[in-house]
Amino acid sequence: MGSELPSPVLELTGVRAGYGRIQVLHGVDLIVPRGTIVGLLGPNGAGKSTTIGVISGQVPTSTGAVTMLGHDVTGAGADALARAGVCTIPEGRGMFPNLTVDENVWMFTHRGVSTREARDIAYDHFPVLAERRSMMAGRLSGGEQQMLALARALATRPSLLLLDELSMGLAPIIVEQLYEQVAAVTAGGVGILLVEQFAGHVLDVADQVAVMVNGRIRAAGRPHEMAEALSGVYLGG
């Protein structure tokens, strides 16, 4: 039926997780459909980074289920999830500053993606990186480093892209350019979970928004439906 949402790339069902005896997530339900951007918003300490950790296999669940592309991947490690198509751009960008731009792209040529294909994907999305391919990544501007992190992720042809604080420390015009590329990626069916503290551009680019507070999803729906929830519990502005 035409009105149905696309099938999920990712689904969390009743997920509880934490660190040792400290429980951070308290029964989280979250769905990321194919070709869709889901924004996960909330203040510091809400549990957003722990959610990313669960999805990427770095934080184990205590109860609940994690399903990816219809397969139960609860308890799978980070390497297995990466091979299954999960790619994370962590807060802080996660690139290699002492390697060139081109070497950074080459580092992500796995899962059957050739070096040439990885370069084509990266430089087609971000032509400025092609101009700087011989430059050490640590010498790039903050915006260019974030472009490189995103380009490397796209070069792996992920099924699920996890973006953690993509806009941190960047000028609004750079954030807007990055989000334009993020939106274009979904045309290929990639599901994207966009985690941010500040609503900002997320409400403009996301198809669905979930608001997390104290380890629970307090509200979820279309961005225009979230104004009341955001004003009530989301303290980032």
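Residues numbered from 1 in each chain as written. Predicted model: local features only at pLDDT ≥ 70, side-chain atom pairs only at ≥ 80, totals over all residues. Heavy atoms only, no water.

Visitor: Account for a nonpolar patch on the surface, naming residues and giving values.
Guide: A cluster of nonpolar side chains, namely Phe 96, Trp 106 and Met 107, defines an oily patch on the protein surface of about 310 Å² accessible area. Examined against the element boundaries, Phe 96 turns out to sit in the loop between β6 (86–89) and α3 (101–106). Residue classification places Phe 96 among the partly exposed positions, given a relative accessible area of 36%. (Patch = residues over 30% accessible without salt bridge, like charges linked within 9 Å, V, L, I, M, F, W, Y side chains within 5 Å. Areas by Shrake-Rupley, 256 points an atom, 1.4 Å probe, with all protein chains shown as cover. Salt bridge = Lys/Arg side-chain N within 4 Å of Asp/Glu carboxyl O. Helix = DSSP H or I, 4+ residues; strand = E, 2+ residues; numbered from the N terminus. Buried < 20%, exposed > 50% of the residue type's maximum accessible area, 1.4 Å probe, protein only.)

Visitor: So, the nonpolar core: which residues are in play, and what are the values?
Guide: With 47 residues, the main nonpolar core has Leu 129, Leu 150, Leu 161 and Leu 163 as its most contacted residues. Here the element with the most residues in this core is helix α6 (residues 142–155); it accounts for eight residues. For Leu 129, the contacting residues outside a window of four places in its chain are Val 101, Tyr 123, Leu 140, Glu 144, Met 147, Leu 148 and Ala 151. Ranked by size, the runner-up nonpolar core spans 28 residues in total, among them Leu 25, Leu 30, Ile 52 and Ile 55. (Core = buried A, V, L, I, M, F, W, Y, C linked by side-chain atoms within 4.5 Å. Contact = heavy atoms within 4.5 Å.)

Visitor: An account of the environment of Arg 119 is needed here, citing residue identities and associated values.
Guide: With respect to the helices, strands and loops of the structure, Arg 119 is situated in helix α4 (residues 115–125). For the pair formed by Arg 119 and Glu 11, sequence separation is 108 residues and the distance between their alpha carbons is 31 Å. Beyond its immediate sequence surroundings of up to four residues, Arg 119 is in contact with Asp 102, Val 105, Asp 124 and Arg 133.

Visitor: Give a description of the side chain of Arg 152 that names residues and reports values.
Guide: Its location among the elements puts Arg 152 in helix α6. Buried within the structure, Arg 152 lacks any salt-bridge partner; its nearest side chain of opposite charge belongs to Glu 103, at an N-O separation of 11 Å. Side-chain polar atoms of Arg 152 contact the side chain of Asn 104, separated by 3.5 Å. (Lys, Arg positive; Asp, Glu negative; His and termini not counted. Polar contact = N/O pair within 3.5 Å; in protein donor to acceptor, adjacent residues only side chain to side chain.)

Visitor: So what's going on with the packing of α6 against helix α7 (residues 172–185)? Residues and values would help.
Guide: Direction vectors running N to C along α6 and α7 enclose 10 degrees, while the axes themselves pass 10 Å from each other. Here α6 lies roughly parallel to α7, going by the angle between them. Along the contact surface, α6 presents Gly 143, Gln 146, Met 147, Leu 150 and Leu 154, while α7 presents Ile 174, Gln 177, Leu 178, Gln 181, Val 182 and Val 185. When the residues that make up the contact of α6 with α7 are grouped by side-chain class, the tally is seven nonpolar, four polar and no charged. (Axes fitted to C-alpha atoms, helices over the stretch in contact; angles between N-to-C directions. Parallel < 35°, antiparallel > 145°, perpendicular 65-115°, else oblique. Nonpolar A, V, L, I, M, F, W, Y, C, P; charged D, E, K, R; others polar.)

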